[in-house]
Amino acid sequence: MSEYEIPFHIQEDIMKKLPVKSLVQFRSVSKAWKSLIDSSEFIAAHSNHRHTQPQHLLVSYEDPIMKERYVCFVDDDTFPQQRSVLTLTLPLSVKYLRLLGSSHGLLCLYHSHHNPATKMVVLWNPLIRKSIVVDVPKQPYVCFGVCPLTCDPKIISIYQIWDEANIETSFRCKVMVYTLSSGKWRSLSSNLPTKPIRHFWLMVVTDRFIYWLVELPNPNMIMSFDVSNEKFEVIDLPDSLATHHPTDLHLSKLRDSLAMLQNTENILTVWMMEHGVQRSFTKLFIIETQTPHQIVGFRKSGVPIMQVTDDDDPDDFDAQYKLAVFEPNSGYNNVIEVSGSPVCFEVSSYMETLLLLGRSDCNSY
């Protein structure tokens, strides 16, 4: 070794802090660097530094001719100038994708055609332009998260059935878990949900938890799933949320924490859950609007992104919707030049990651 050469273990420590795009390029420098960067140990170690990486916002929407579009924004001081249009290349059989959420830099899209035999999940890493398609068992509900301890992506498939006349005594549930490292599905036999979950596609994924609202006639409450230990848990809400009309409550993600959006006519109240010995909700701010608007995501700063329209009729399907950033001191401003059909925008925040790098069974583009 030359006296001027940096020891390899120090090179490794430096690379753990580098951006994903640089590391992808550095794989061509030498076989040793490629072997290191592609290793699962390095990818997991690099993921531990993900909070130092730039945050990105993926906007999924249907354009005026009902075609699915994906636009990525860098969520920094330049927002929304740094943007790029993304194309997801998949087998022709995979269509009708719905964005379920993001976890540790991976995005999850769900393909559910009318034929139940064609259900699939797509795990997508936009930064390295790789995706993988996973067949899903014939169960109606799917969710997704990445275990923060192992950096292993997991897909959870849930089947639940109950008698609406007596939910408490008739509720039954079956849960299967797929881990990307094993490439296999397995059934969970314990720690299953104790209450039925409402609206699976309205889930929120944070660092290690997946959240849903619980089905009526229970008071409003939240069901969580811990991706690390694979346990379900019921979370009670404050009285003002537990007794609020359930159709006016929505879950969202804010700074990798769970947010609750409470809608009363044209008044939006944003709550955030704080973790601790006793989980509690804190009211962050209130937004008053003249026409019905919807929060579809948050910037890293905590500022909400709204789906807005100039049309006073929220049911007008000829209206053009757009995204706007809400600044509390000045109201709506900084309109994002993305237009789509009604109620179509989905915004997911994600950090840079190397997950899926080096997998030969991935689709690249």
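A few points on the structure. (Residues numbered from 1 in each chain as written. Predicted model: local features only at pLDDT ≥ 70, side-chain atom pairs only at ≥ 80, totals over all residues. Heavy atoms only, no water.)

1. Quick look at the packing of aromatic side chains
Overall, the coordinates contain 8 aromatic pairs when judged by the stated rule. Plain terms: the ring middles of Tyr178 and Trp185 are 5.3 Å apart, the flat faces sit at 50° to each other, and that makes the pair tilted. Following the ring pairs from residue to residue traces out a cluster consisting of Trp212, Phe225 and Phe232. (Phe/Tyr/Trp six-rings, centres within 6.5 Å; stacked < 30°, edge-to-face > 60°.)

2. Digging into the sheet that holds strand β19 (residues 267–274)
Remark on secondary structure: sheet strands pair via backbone hydrogen bonds, oriented parallel or antiparallel. The strand order across the open sheet built from 4 strands is β17-β18-β19-β20, with neighbouring strands paired in antiparallel fashion. Of all strands in the sheet, those with a lone pairing partner are β17 (249–254) and β20 (280–288), marking the two edges. Going across the sheet, the axis of each strand differs from the next one's by a mean of 25°, ignoring polarity. Summarising the sheet, strand β18 (residues 257–264) and β19 pair through 6 bridges and their orientation is antiparallel. Among the inter-strand pairings, Ala259 is bridged to a residue of β19, identified as Met272. (Pairing = 2+ DSSP bridges. Helix = DSSP H or I, 4+ residues; strand = E, 2+ residues; numbered from the N terminus. Axes fitted to C-alpha atoms, helices over the stretch in contact; angles between N-to-C directions.)

3. Digging into the nonpolar core
Membership of the largest hydrophobic core comes to 65 residues, with the highest contact counts inside it found for Leu58, Ile158, Ile210 and Trp212. At 5 residues, strand β5 (residues 106–111) tops the list of elements feeding residues into this core. If sequence neighbours within four positions are ignored, Ile210 has contacts with Cys143, Phe144, Gly145, Ile156, Met203, Val204, Val205, Met223, Ser224, Phe225 and Val227. Core analysis: the next-biggest nonpolar cluster, separate from the first, contains 16 residues, Leu213, Leu241, Leu249 and Met260 among them. (Core = buried A, V, L, I, M, F, W, Y, C linked by side-chain atoms within 4.5 Å. Buried < 20%, exposed > 50% of the residue type's maximum accessible area, 1.4 Å probe, protein only. Contact = heavy atoms within 4.5 Å.)

4. Digging into the pairing of β5
Counting buried positions over the 6 residues of β5 gives 6, a clear majority of the element. A two-sided burial pattern is seen for β5, the buried positions comprising Leu106, Cys108 and Tyr110 on one face and Leu107, Leu109 and His111 on the other. Where strand β4 (residues 97–103) and β5 come together, 6 bridges link them in antiparallel fashion. In the sheet register, Leu97 faces β5, and the bridge partner there is His111. Two elements, β5 and strand β6 (residues 120–125), share 5 bridges in a ladder whose sense is antiparallel. Among the inter-strand pairings, Leu109 is bridged to a residue of β6, identified as Val122.

5. Re the sheet that holds strand β11 (residues 184–187)
Read from one edge of the open sheet, 4 strands run β8-β9-β10-β11, paired in antiparallel fashion. The open sheet has two free edges, formed respectively by β8 (141–146) and β11, since each of these has just one partner strand. The average undirected angle you get between the axes of adjacent strands in this sheet is 25°. In terms of strand pairing, strand β10 (residues 172–179) meets β11 through 4 bridges, oriented antiparallel. Residue pairing across strands places Met176 opposite Ser187, the latter belonging to β11.

6. Some thoughts on a nonpolar patch on the surface
Taken together, the side chains of Ile6, Ile10 and Ile14 present a nonpolar region at the surface, about 230 Å² in accessible area. Mapped onto the elements, Ile6 comes out in the segment before α1 (8–15). With a relative accessible area of 42%, Ile6 lands in the partly exposed category. (Patch = residues over 30% accessible without salt bridge, like charges linked within 9 Å, V, L, I, M, F, W, Y side chains within 5 Å. Areas by Shrake-Rupley, 256 points an atom, 1.4 Å probe, with all protein chains shown as cover. Salt bridge = Lys/Arg side-chain N within 4 Å of Asp/Glu carboxyl O.)

7. Some details on the pattern of salt bridges
The final tally for this structure, using the stated rule, is 9 salt bridges. Between Lys154 and Glu230 there is a salt bridge, with the nearest N and O atoms lying 2.8 Å from each other. Placement of the pair is Lys154 in strand β9 (residues 153–161) and Glu230 in the loop between β15 (221–226) and β16 (231–236), with a sequence separation of 76 residues. Note on accessibility: Lys154 and Glu230 belong to one class, buried. For Arg186, the salt bridge goes to Glu230, with nearest N and O atoms at 2.5 Å. Highlighted residues: Arg186 in strand β11 and Glu230 in the loop between β15 and β16, separated in sequence by 44 residues. Of the residues examined, Arg186 reaches a relative accessible area of 36% and is grouped as partly exposed. Classification of Glu230 as buried rests on a relative accessible area of 10%. Several salt bridges share partner residues, and in doing so they unite Arg27, Lys34 and Asp38 into one network.

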